[in-house]
Every structure is written in structure tokens, then in C-alpha cells.
Amino acid sequence: MRLRTSTQKCGQRARPPQQETRRRLVRRSRQAMLLGWVLSATGSAVVTGAAPALVVAATLPAVWIAFYSTLTNIEDLLAPLMVKAIARWRPGRVLTACEVYDVALALVALALIGIGVEVGPVLAGYLIASSPIPLVLDVAEELYGAEMAAVDPEMSFRFTSHLHSMTAFISRVVALPVGAALTFLSPAAVLAINLVLSVAAVALRLRGVAYEEEATGSLAGEDAEEEGGPRLSALALLRGFLTRPLVSPLSILLRSIAVGLAGTYVVVFIGTRYGHGAYVWVLVATGIGATVGPQLARAGRTAVGGTTTVTGCALAGALALLLGAVFLPAGNLPVGATGLVIAQTCLWGVGSALIGERQVQLSGRAFVEDTAWCQAAGALGAVAGSWAALGLRAATAPAWALGIASLTLALLAGYVWFLPRARPRSEADAQRENTAATQL
């Protein structure tokens, strides 16, 4: 497994004066891509928020929610195949192609509504046809961040942090409620808004691709040279990843299980126990926490390093989940909800930090293989956590689900903190034993 340090990237790959030129181009690409992503994600989240509203309005059957959730979970489990397929192409071009595909779907949907087809089936068909887009965008954004890391690792980490913060804010605080509200007024307006935003996103993506390819195009030959030498098998690479917690699929798995256990069903419990008003406020508050988390993780990494940051966030999240487990069932909503908000802040901070470290530390085939394993681990953890929460009846009694989620984060903290410290000692002991055996 070939690792790549910040010194290697900035010193070997981009030497002055090329270094400053590449950084400037990457900065412009990052700005255009981030703005394009904001517009695209806003439009998609508005449409996603419309589907539950149509169920409420009896335009779609209630089984739609379960069907769509199952569909997206199955697609997420296919993430490793998606990573291998997308890695063959420049990530900026993949992102742009997704936007063009979304524009085409929106145009077809609006045309069908215009000729009198019922809104419910049209919107359902649009959501099914566009359901792979979020997964493709997620994978392509990771690969795009890795390309930026080849020029400027810190800028890549900032890009990942900003992306996760805006993901949380747009999807959980703004767009979903807006989409639900607009649906009751005019479902066609939801698709029209998405169309306009997607067209603008295409223009920005194209601009970002031009800057990105100009900055990183000359690095392709260097990557090919660095890939020489013995090629390890996928399983050998996985064993190497597991010994490095910050890039390990096991870290992603544990984090995803905790997210699933402490997610939707616990918020449903708050809505049924404390009322709709509490439900909405907790949704907004946890969304704000998820927005802040990646920025706190980025600041922590700068101050104390990635290992300490991830460990601290995981431990703080574990303690916060215990607050929720104790006080929510006991009727103390302010303290219990505060625990959930802190936990969501920590969970999103951990997720952003782990993805950012993977982009900074790995490159080439090692990065692609690790991303494939991590995507699979994340999907598996999300499914396992959600079904475990359902089995533990988190919607009516969340104490067990939150307690197990807390334990999962504590295990993650121990894995990240102690494994790197145990390995040097074990390797030193093995070397001493070999030396003694040789002397005998």
C-alpha cells in the first residue's frame, strides 16, 4: 500500500513556480464545484422532501416511503462496484454528467405533467430514475477531493469539511421542509425549481472541471510512474487499511452503525412522546449540529491532529448519547435533546475527518480500493444500525438503541487511539524475539 504524505505531495509533485499556479487553479475549481454542489443538492433535497408530503396528501401510498428507502439501501450496498466504475473517469466529468442526467429527467417529468399525467406517479418515477445520483455524486466527490489532495492536501481537507457541513445544512435544515411546503402548493413547482438549479449547477461544474483538469492533468504521468512495483491483492490492501484506523473501513462501519441506531427512530420517539413541535425543533437543532461538526473536526485536526480529533469526537458523542438514553425516556426533553444534538455534531465531525484523512493519506489504487471498502462498510453499517434500532423499538423506547450506539462510538474511540500505539510495541517485541532467536 502506497501512502502519500503532505510533504511528498507539495514537494515532489508541485514544485515552484508550478506549485502556486496549481494551487490557484485548484482553489478556483473548488469554489466552482462547491457552489455547483450547493445548487444541485438544494434542488435534489427539495424534490426528496416532496415525496413524504405527497404521502400525507394521499397522492402516493404510504408503502412508497418503505419502498424508496429499501431501493436506496440496496444501491448503497453496491457502492464498491460504483467506485471501481467511476474511478476510470475523471471525477469532475462524472459530476457534470450526473447534473446533465438530472436536467434531462426533470424536463421529461415536467413535460409529462404538462400533458396531464398525474403528479404522484410522475414524481415517483423521477425519484426512482434519479435514485442512483446521490451515490454517484458521493463517490465522485471523494475522488475529486483526492485529486485536489495531489496538489494541496489542506485545501482538499477544507473542501471535504465544507462539503459535509453544507450537506447537513441544506438537506436537514432548509431544503426538506421547503420541498414539503411547496408540494402542497404546486408539485410542478418543485420540479421546476430543481430544473433551474440543476442547469446552473451544470454551468458551474463545467467551469470547475476546466480548472481542475488544468491543475491536475500533468500529474497523471507521475501517478503512473508511482504505481510501478509489486501490486498487492485487494485483501492484502484491506489488511493494511485495518491497521491504520484513520483510513480503515472498520472505523466507517462503527460510525455508520451508531448513526443508524441514533437516527430516525429516536426522532420519531420524540415526535410521538413530546409532540410535533418538539419533533421539528429537534430536527432543526440536530441539523445545525451536523453542520457545525465537520468544521470543528477540521479545526481540531489543525490543532491536535487527526487521531486525537477523531478519538475526542467519538468519546464526546458516546457520552452525549448516554445523556439521551437516560433523559429522553425519563421525560427530560431539554437535556436528552441536547445530548442528541451534541452526538450528531460529533458523528458528522468523525465522518468528515475520516473521509478527509483518506483523501490526504492515500492515492492511486490504494485510495480507490479503500474507498470501495469504506463505501461498502458505510452502507452495511447504516442498514445494520437502522434495522437494529427498529428491532430494539427505538421509536417507543430509545434507551437501548442509544446505549448501544454509545458503546459503538466508545469502541471506535478505542480502536483509533490504541491500535497505532500498540502496533509499534508489538513490532518492536517481534524484532527483539527474532534477534534473540538468531543469537541462539
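How each quantity is defined
Residues numbered from 1 in each chain as written. Predicted model: local features only at pLDDT ≥ 70, side-chain atom pairs only at ≥ 80, totals over all residues. Heavy atoms only, no water. Salt bridge = Lys/Arg side-chain N within 4 Å of Asp/Glu carboxyl O. Helix = DSSP H or I, 4+ residues; strand = E, 2+ residues; numbered from the N terminus. Buried < 20%, exposed > 50% of the residue type's maximum accessible area, 1.4 Å probe, protein only. Axes fitted to C-alpha atoms, helices over the stretch in contact; angles between N-to-C directions. Parallel < 35°, antiparallel > 145°, perpendicular 65-115°, else oblique. Left-handed = near helix turned anticlockwise from the far one by under 90°. Contact = heavy atoms within 4.5 Å. Nonpolar A, V, L, I, M, F, W, Y, C, P; charged D, E, K, R; others polar.

### Considerations on the pattern of salt bridges
As a working rule, side chains carrying opposite charge can pair if their charged atoms are close by.
Okay, so step 1: Under the definition given, this model contains 3 salt bridges.
Okay, so step 2: For Arg 301, the salt bridge is made with Glu 357, and the minimal N-O distance between the two is 2.7 Å. Of this pair, Arg 301 sits in helix 14 (residues 276-304) while Glu 357 sits in helix 16 (residues 333-361), placing them 56 residues apart in sequence. Considered together, Arg 301 and Glu 357 belong to a single accessibility category, that of buried residues.
Okay, so step 3: In this structure, Arg 358 and Asp 370 form a salt bridge, with 4.0 Å as the shortest nitrogen-oxygen distance. Of this pair, Arg 358 sits in helix 16 while Asp 370 sits in helix 17 (residues 364-391); the two residues are 12 residues apart in sequence, bridging distant segments of the chain. For the pair Arg 358 and Asp 370, a shared accessibility class is recorded, and that class is buried.

### A few points about unusual backbone geometry
Okay, so step 1: Phi at Arg 393 is positive, roughly 60°, even though this residue is not glycine.
Okay, so step 2: Inspection of the secondary structure assignment puts Arg 393 in the loop between helix 17 and helix 18 (399-439).
Okay, so step 3: According to the relative accessible area criterion, Arg 393 is exposed, its value standing at 61%.

### Focus: the packing of helix 14 against helix 16
Okay, so step 1: At a minimum axis distance of 6 Å, the contact between helix 14 and helix 16 shows a crossing angle of 40°. When the interaxial angle is binned, helix 14 and helix 16 end up oblique. The handedness of the crossing between helix 14 and helix 16 is right-handed. Listed contacts from helix 16 to Ala 278, Val 282, Ala 285, Thr 286, Gly 289, Ala 290, Gly 293, Pro 294, Leu 296, Ala 297 and Arg 301 of helix 14 are Leu 333, Ala 337, Leu 340, Val 341, Gln 344, Thr 345, Trp 348, Gly 349, Ser 352, Ala 353, Glu 357 and Val 360.
Okay, so step 2: Across the contact of helix 14 with helix 16, the residue classes break down as 14 nonpolar, 7 polar and 2 charged.

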